[in-house]
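Observations on the model geometry
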Amino acid sequence: MTSDEMSIKLVWISDLHLDHLESKDPGALMRLEAALEEEGAAHILLGGDIADSRSFEAGLKHLLDVTRCSISFVLGNHDYYFGSVADVRRRAAALQIPGLQWLPKTGVVELNKDTALIGHGGWGDAHRGDMENFILLTDYAAIKELADTINHEDFWINGFRKRSALISKLRQLGEEASKSLKYYLDKAAGRYKRILILTHVTPFVETCTYRDRPGSEQGFPGFLWDCMGILLKSAAAEYPETEFLVLSGHTHEDSYARVASNIRAWSSPAEYGELRYRIVESSGWTVGPSILV
Ligand SMILES: [Fe+2]
Ligand SMILES: [Fe+2]
């Protein structure tokens, strides 16, 4: 990466789900390497759901080896599956591999003198939507901190009516993630003309869509990081000269919105077993179409 004003070309990949990709399309990473060589891009923004807790470190190393690109990453909900949030984050923070950085630990990355990169995976934070009848995600059984909140008889037999402990935990995870990202947002805002923000869960209703339609009240609790959206809109109003670009995944839906005059947000499409990337270029800070490798 460069610290001057040279052109920057970044590769954004979200919801890689390597555990599915390696069995369904084992040649995909080699084709990615060839595609990125042709694009002339050497830095990957990896937006979470890399694999699961048993294999995300090996997956990151493999991606580094095959592509020979540097990688800035955030974690997604699937990266905690079969493990705990605390343990996976501890392991992500402990990774010491040249060319690899976990954004919640790295903090503000200067891409050039005008542009900073920050990121956090975030969480579907049960801040907004139908708290009685929201869509149940496998997260609630497969991630230790969430599974610990659930009365298993109620969850599996009674249709999951006792949701208050889970809702509290989701809110706590969302607020902790917001606090972490806000710390770096405050450091970058006012210093840079553009702030690129990589998340897993979208902070905005506008890009929390389902099958090309606006998201539903049942979907928002698990698919929207609402408390971060409020903080970002407030920061954007406070710094009207700063341009905020927010790149998210998790919904697996293609979505774009101008959320405020100085916030543009994208959600990237994904499918288990497929590998897609998008090019983010500094000329105009444009995000290209999703390209299937
Ligand atoms: Fe995903
Ligand atoms: Fe996800």
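In what follows, the structure referred to is the one given above.
We now turn to the structure provided with this report. (Residues numbered from 1 in each chain as written. Chains lettered and ligands numbered in written order. Predicted model: local features only at pLDDT ≥ 70, side-chain atom pairs only at ≥ 80, totals over all residues. Heavy atoms only, no water.)

Here we come to the coordination of the iron ion (ligand 2). Of the protein atoms, only Asp49 (OD), Asn77 (OD1), His200 (NE2) and His250 (ND1) coordinate the iron ion (ligand 2), at distances of 2.1 to 2.3 Å. One can describe the donor arrangement at the iron ion (ligand 2) as irregular, given that its four donor atoms subtend angles of 90 to 164° at the metal. All donors to the iron ion (ligand 2) come from one chain, and their sequence spacing reads D-x27-N-x122-H-x49-H. Distance-wise, the iron ion (ligand 1) is placed 3.5 Å from the iron ion (ligand 2), both being coordinated by Asp49. Taken as a pair, Asn77 in the loop between strand 3 (70-74) and helix 4 (85-94) and His200 in strand 7 (residues 194-201) lie far apart in primary sequence, 123 residues in all. (Donors = N, O, S within 2.8 Å, 3.2 Å for Na, K, Ca; no water. Tetrahedral: all angles 85-135°; square planar, octahedral: opposite > 155°, others 65-115°. Helix = DSSP H or I, 4+ residues; strand = E, 2+ residues; numbered from the N terminus.)

Turning to the environment of Ala41, a few remarks are in order. Residue placement: Ala41 occurs in the loop between helix 2 (28-39) and strand 2 (43-47). Given the relative accessible area of 7%, Ala41 is considered buried. C-alpha of Ala41 to C-alpha of Cys69: the two residues are 28 residues apart in sequence and 7.9 Å apart in space. Dropping the residues within four chain positions of it, Ala41 is found in contact with Lys9, Val11, Leu36, Cys69 and Ile279. (Buried < 20%, exposed > 50% of the residue type's maximum accessible area, 1.4 Å probe, protein only. Contact = heavy atoms within 4.5 Å.)

Between helix 9 (residues 164-188) and helix 11 (residues 226-238), the shortest axis-to-axis distance is 9 Å and the interhelical angle comes to 25°. One element, helix 9, and the other, helix 11, form an angle in the roughly parallel class. Crossing handedness for the pair helix 9 and helix 11: right-handed. Across the interface between the two elements, Gly174, Glu175, Ser178, Leu181, Lys182 and Leu185 of helix 9 pack against Cys227, Met228, Leu231, Leu232 and Ala235 of helix 11. Looking at side-chain class alone, the contact of helix 9 with helix 11 contains seven nonpolar, two polar and two charged residues. (Axes fitted to C-alpha atoms, helices over the stretch in contact; angles between N-to-C directions. Parallel < 35°, antiparallel > 145°, perpendicular 65-115°, else oblique. Left-handed = near helix turned anticlockwise from the far one by under 90°. Nonpolar A, V, L, I, M, F, W, Y, C, P; charged D, E, K, R; others polar.)

Here His78 lies in the loop between strand 3 and helix 4. Given a relative accessible area of 14%, His78 falls into the buried group. With residues up to four places along the chain from it excluded, the contact list for His78 reads His17, Asp49, Ala51, Asp52, Ser53 and Tyr272.

With mixed pairing, six strands are arranged side by side in an open sheet as 5-6-7-10-12-11. One side of each edge strand has no neighbouring strand; the edge strands of this open sheet are strand 5 (109-112) and strand 11 (255-260). The sheet shows a mean angle of 20° between the axes of neighbouring strands, taken without regard to direction. (Pairing = 2+ DSSP bridges.)

Protein coordination at the iron ion (ligand 1): the donors are Asp15 (OD), His17 (NE2), Asp49 (OD) and His252 (NE2), at 2.0 to 2.2 Å from the metal. Note that the iron ion (ligand 1) binds four donor atoms; their angles at the metal cover 89 to 171°, and the shape is irregular. Ordering the donors of the iron ion (ligand 1) by residue number gives the pattern D-x1-H-x31-D-x202-H. Note on Asp15: relative accessible area 1%, which makes it buried.

Let us look at unusual backbone geometry. Not every positive phi belongs to a glycine, and Asp15 is a case in point at roughly 55°. Mapped onto the elements, Asp15 comes out in the loop between strand 1 (9-13) and helix 1 (18-24). The backbone of His252 sits at a positive phi, close to 60°, despite the residue not being glycine. Relative to the helices and strands, His252 is located in the loop between strand 10 (243-249) and strand 11.

A separate point is the packing of helix 2 against helix 3 (residues 56-67). The contact between helix 2 and helix 3 brings their axes to 9 Å, and the two run at 45°. Relative to helix 3, the element helix 2 lies oblique. Crossing hand, helix 2 versus helix 3: right-handed. Seen from helix 2, the contacting residues are Leu29, Met30, Leu32 and Glu33; seen from helix 3, they are His62, Leu63, Val66 and Thr67. Of the residues contributing to the contact of helix 2 with helix 3, the split by class is five nonpolar, two polar and one charged.

Counted residue by residue, strand 2 has five buried out of five residues, so it is predominantly covered. What you see with strand 2 is no split at all: His43, Leu45 and Gly47 on one side and Ile44 and Leu46 on the other are buried throughout. One ladder, built from five bridges, connects strand 2 with strand 3; its direction is parallel. Across the sheet, the residue bridging to Gly47 is Val74, located in strand 3.

Geometric values such as these leave the question of function open.
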